[in-house]
Amino acid sequence: MDKALATSPPQLPYPATPVAALLLRASGPDASRPVFTALGTEGERIARRTAAELLARVRTTAAALREVGSPGDRVIVPALPGLDFPVGFLACLYAGRIAVPVMPLEPDSGHRAKERADRLGAIVRDCGAVAVLVSTAEDALGGMVRDANGGAAPSTTPVAIPVAIPLARTATPGSAEDVLPHPLALDPTAVALLQYTSGSTSDPRGVVISHHNLTANQAALRDRCEVDSGTTVVSWLPFFHDMGLCTSVVLPLVSGAAAVTMEPGTFVRDPMVWLRAIEAEEDVFAAAPDFAYELCVRRIPAAERSRVDLSTWRVAANGSEPVRAETMRSFTDAFRPSFFRTEVFSPGYGLAECTLGVTLGRPLYEAPVRRYDRDALARGTAAPAASPDTAVELVGCGTPLPGVRIRIVDPATLRVLPAGAVGEIWVNSPGNGLGYWDRESSEAFRARPEGADADGPFVRTGDLGCLDGDELFVTGRLKDVLVVGGENYFPQDVEAVAGAAHEAFAHQRAAAWPLDDAAPGVAVVVETAERDPEVLARAVRAAGIAVARALPAPVSVFAVARDQVPRTTSGKTRRRDCATDVRAGRLPFLAQWTSRRAGAPGRPERTQPA
């Protein structure tokens, strides 16, 4: 981290740190009101903590943490079950340690077990953690923390997990009062956590987030969404992901709201548990990535939808991955009998480098949807489409949160672009992180544009987009752009065209990337549940022709089974890794099609189902 990046924040109109917020809540009139409630697999309540009870467990656990290492040392905080994660996370901060949220340590026998184990080992090595928090003393003594693999398939380089500290299981309000917060816990400029970005497992980067970053970012979200003591946050999001950590733990503390949480696996198995939990509360803020809303539509039968009342859902934040207008329309149509209204959707944009939120739509205002010309976008201009055939549908991700400034910058010249031009999104905000842990980060975190508008500093996001008025429209990732004939095309547009070409590919994950110079063109992999060879042959052909019409380049389309396209821990498509898997023959095809002429270099010619 570049030490010069740490700057003093202005006087804050909210608790300066999460620990200060907890202390205020535990000593005020709401001390006996539940802050966090955990639900089980059927939606039953399995744990509940008031602010006073939470503080007692935090203090007792912090006392144990102080016996290991020194202030500023890093502590691994896995996504522990129930309400153990909020206790562990806040105990780290209370003890003056730096929390490092990671995925669960339980054994994973899935097809990506080794990948997860490698990532965890890389994080432990990168941050130099001195301890790991576990739920019970039995976990500390058992196989759960034998090594950095968490019991999963062997990692490439095994790493010994540091000292295991079990959380305090019994602590009554008022206990451990002599355990005072470390001065760092009340210092807004001190480092609170390392938020590891959900990228390559071989080179994880920990974003250095201060206490001020956390409280300022979530206070801005609080103000935009009018979250207060009458609001309940209902979440299934993983605690180790920035959106889950911030909205489920920090937002309730800075706003006075309560939080009801469940395991991610509970939502995936039965999305109705999430919706019933929303129904049970009076004023609800609930955030999820786009795929979660699509999953609700696909998995919940019409008869069940009509039996849930979503009229108390006031803010349905949609972010973490590209927001699709089709998903919003289908969810609204499907749950209209449940009293869900389209204006409840609040699409947003954010990234770990800025703590979380950058923009968010105003609650109870319908999100704008624009249809831009595909070729104009390729030339760097957001112009209205004259024909549906050339249109790219983009959802507005809202206006900047309070205190946030955005610039759209030419990534080559570093000059600020005018409204309507497509360029890299640069962000200046109180949530901007301090840099990457143990890496030179000034270029990414202290960027300044050239010319008269050389204000800042800004975080360079690596994302492309444009401003239409004050509304941000995100077009894609700079590193994922498809360059065809000297013009830029965005992979998610190509993926959407392929997915819409045949019902076998509808609402499925896809990945598009450019082929190499020896075989120029575009490859698209699409997941499907279909297994009929004839249907698959028609589907890949339809997708190939549709993409070829939208893109002036040779096209190859591959159909694969569901859950084969690589994704990050936050659900984003890892297009480069998908390309590597295809080239290495690690991705089995169900069917494939290409517009290449016979004998052309690169992938195989037009073929039947595999």
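In this report, we go over the structure that sits alongside the text. Each chain carries its own residue numbering, running from 1 in the direction its sequence is written. Local features in this predicted model are restricted to residues whose pLDDT is 70 or higher, and side-chain atom pairs enter the listing and the counts only when it is 80 or higher, whereas totals over whole chains, interfaces and linings include all residues. In computing side-chain properties, one takes all heavy atoms of the structure into account and sets aside hydrogens as well as water.

Turning next to the overall build of the chain. A count of helices and strands for the chain gives 17 helices and 27 strands. Whether two residues are in contact is decided by their heavy atoms, any of which lying within 4.5 Å being enough. Sequence separation of at least 24 residues holds for 72% of the intrachain contacts in the chain that already meet a minimum separation of 6. Within the structure as shown, the chain displays about 23,600 Å² of accessible surface, and the carbon and sulfur contribution to it stands at 51%. Here a helix means four or more residues in a row that DSSP labels H or I, a strand means two or more in a row labelled E, and each is numbered from the N terminus. Per-residue and other accessible areas were derived by the Shrake-Rupley procedure at a 1.4 Å probe size, with only the shown protein chains allowed to occlude residues.

Below, the discussion takes up empty space enclosed by the protein. Unfilled space is identified by rolling a water-sized probe across the atoms. Put simply, the grid is 1 Å and covers the protein atoms alone, a cavity is a trapped set of points that fit a 1.4 Å probe, a pocket is an open set with protein on both sides within 12 Å along at least five of seven lines, and lining residues have an atom within 4 Å of a point. Grid points are joined across faces, edges and corners, and a volume is the space filled by probe spheres set on the points. According to the stated counting rule, one finds three cavities of 30 Å³ or more in the structure shown. Forming the boundary of the second largest cavity are Arg374, Tyr489, Phe490, Asp493, Val494, Val497, Ala550 and Leu551. The dominant element in the lining of the second largest cavity, judged by the number of residues it contributes, is helix α15 (residues 491-500), at three residues. The nonpolar class holds Ala, Val, Leu, Ile, Met, Phe, Trp, Tyr, Cys and Pro. Asp, Glu, Lys and Arg form the charged class, and all remaining residues, Gly among them, are polar. A breakdown of the residues in the lining of the second largest cavity according to their chemical character gives six nonpolar, no polar and two charged.

Glancing now at the environment of Leu105. If you trace the backbone, Leu105 turns up in the loop between β4 (98-102) and α4 (113-127). Looking at Leu105, the relative accessible area reads 2%, which means it is buried. Once the C-alpha coordinates of Leu105 and Pro78 are considered, the two residues, 27 residues apart in sequence, prove to be 6.5 Å apart. The buried label applies to any residue whose accessible area, calculated with a 1.4 Å probe on protein chains only, is under 20% of its type's maximum; exposed applies above 50%, and partly exposed to all values in between.

Geometry of aromatic contacts follows a simple scheme: Phe, Tyr and Trp rings, the Trp one being its six-membered ring, pair when their centres are within 6.5 Å, and the pair is stacked under 30 degrees between planes, edge-to-face over 60, tilted otherwise. As enumerated under the stated definition, the model contains 21 aromatic pairs in all. Taking 5.1 Å as the distance between ring centres and 70° as the angle between the ring planes, the aromatic pair formed by Phe340 and Phe345 counts as edge-to-face. Look at Phe340 and you get buried, because its relative accessible area is 3%. Look at Phe345 and you get buried, because its relative accessible area is 1%.

With that settled, the discussion passes to the packing of helix α10 (residues 290-299) against helix α12 (residues 325-334). Every axis in this analysis is a line fitted to C-alpha atoms, fitted for helices over the stretch in contact. Angles between the N-to-C directions lie between 0 and 180 degrees. One way to put it is that α10 packs onto α12 with a least axis distance of 9 Å and a crossing angle of 40°. Crossing geometry of α10 relative to α12 is assigned as left-handed. Side by side, α10 and α12 meet where Asp290, Tyr293, Glu294, Cys296 and Val297 of the first sit next to Thr327, Ser330, Phe331 and Ala334 of the second. Looking at the contact of α10 with α12, its residues break down into five nonpolar, two polar and two charged. Left-handed describes a crossing whose near helix is turned anticlockwise from the far helix through less than a right angle; right-handed describes the clockwise counterpart.

Another aspect to go through is the side chain of Thr247. Counting through the fold element by element, Thr247 comes out in helix α7 (residues 242-255). A polar atom in the side chain of Thr247 sits 2.5 Å from the backbone oxygen of Met243. Discounting residues that sit within four places of it in the chain, Thr247 has contacts with Gln218, Leu221, Val233, Leu237, Pro252, Phe285 and Leu356. Here a polar contact is recorded for every N or O atom pair within 3.5 Å, except that within protein the pair must consist of a potential hydrogen donor and a potential acceptor, and residues adjacent in sequence are included only if both atoms are side-chain atoms.

Quick look at the sheet that holds strand β13 (residues 345-350) now. At least two DSSP bridges between two strands are needed for those strands to be called paired. Taken together, the nine strands give an open sheet; going across it, the order is β2-β1-β10-β9-β11-β12-β13-β14-β17, and neighbouring strands pair in mixed fashion. Sheet topology places β2 (45-50) and β17 (399-400) at the edges, where each strand pairs with a single neighbour. The sheet contact formed by strand β1 (residues 34-39) and strand β10 (residues 258-261) spans three bridges and is parallel. Note that in β10 the partner of Phe36 across the bridge is Ala259.

Take the pattern of salt bridges next. Salt bridges, as used here, are contacts in which a Lys or Arg side-chain nitrogen is within 4 Å of a carboxyl oxygen on Asp or Glu. Taken as a whole and assessed by the stated rule, the structure comprises 20 salt bridges. Two residues, Glu424 and Arg460, come together in a salt bridge whose shortest N-O distance is 2.6 Å. Highlighted residues: Glu424 in strand β19 (residues 423-428) and Arg460 in strand β20 (residues 459-468), separated in sequence by 36 residues. Assessed through its relative accessible area of 21%, Arg460 is described here as partly exposed. In this structure, Arg586 engages Asp581 in a salt bridge whose closest nitrogen and oxygen atoms are separated by 3.0 Å.

With that out of the way, let us pick up the packing of α15 against helix α16 (residues 533-550). Between two packed helices, the angle of one axis relative to the other and the distance separating the axes together describe the packing. It is the contact of α15 with α16, at a shortest axis distance of 8 Å, that shows an interaxial angle of 140°. One element, α15, and the other, α16, form an angle in the oblique class. Taken as a pair, α15 and α16 cross one another with a handedness that is right-handed. Residues Val494, Val497 and Ala498 of α15 form the contact with α16, whose own contacting residues are Ala543, Ala546 and Val547. When its residues are assigned to classes, the contact of α15 with α16 shows six nonpolar, no polar and no charged. Each angle receives one of four descriptions, namely roughly parallel if under 35 degrees, roughly antiparallel if over 145, roughly perpendicular if within 65 to 115, and oblique otherwise.

Moving on, we come to the sheet that holds β19. As summarised here, the arrangement of the four strands in space is β18-β19-β20-β21, forming an open sheet in which the pairing is antiparallel. One side of each edge strand has no neighbouring strand; the edge strands of this open sheet are β18 (405-409) and β21 (471-477). When the angles between neighbouring strand axes are averaged without regard to direction, this sheet yields 50°. Sheet topology note: the β19/β20 ladder contains four bridges and is antiparallel. Bridging across to β20, Glu424 finds its partner in Leu464.

What follows concerns the pairing of β13. Burial analysis of β13 places five of its six residues in the buried class, the great majority of the element. Bridging between strand β12 (residues 313-318) and β13 involves three bridges; their strand directions are parallel. Bridge assignment links Ala317 to a residue of β13, and that residue is Ser346. Look down the strands so they point away from you; if going from the first strand over the helix to the second traces a clockwise path, that crossover is right-handed. For the segment spanning β12, α12 and β13, crossover handedness is right-handed. Examined bridge by bridge, β13 and strand β14 (residues 357-360) share three bridges and lie antiparallel to one another. The residue of β14 that forms the bridge with Gly348 is Leu360. Taken together, β13 and the strand that follows it, β14, pair antiparallel across an intervening segment of six residues, in which Thr355 is found at a positive phi of about 75°.

A few words now on the environment of Pro104. You can see Pro104 is positioned in the loop between β4 and α4. Setting aside anything within four residues of it in sequence, one finds Pro104 in contact with Ala79, Arg116 and Phe240.

With 15 residues, helix α6 (residues 211-225) should reach 21 Å at 1.5 Å per residue; the first-to-last C-alpha distance of 21 Å fits that figure. Looking one or two residues past α6, Glu226 carries a phi angle of roughly 55°, positive in sign. Under the convention used throughout, the expected extent of a helix is 1.5 Å for every residue step, that is, one less than its residue count.

Moving on: the pairing of strand β9 (residues 232-235). Of the two faces of β9, the one lined by Thr232 and Val234 and the one lined by Val233 and Ser235 are each fully buried. Direction of pairing for β9 relative to β10: parallel, over a ladder of four bridges. Bridge pairing in β10 links Ser235 to Thr261. With two bridges connecting them, β9 and strand β11 (residues 284-288) associate as parallel partners. Looking at β11, one finds that Val233 is bridged to Phe285.

Taken by themselves, the reported measurements are silent on function.
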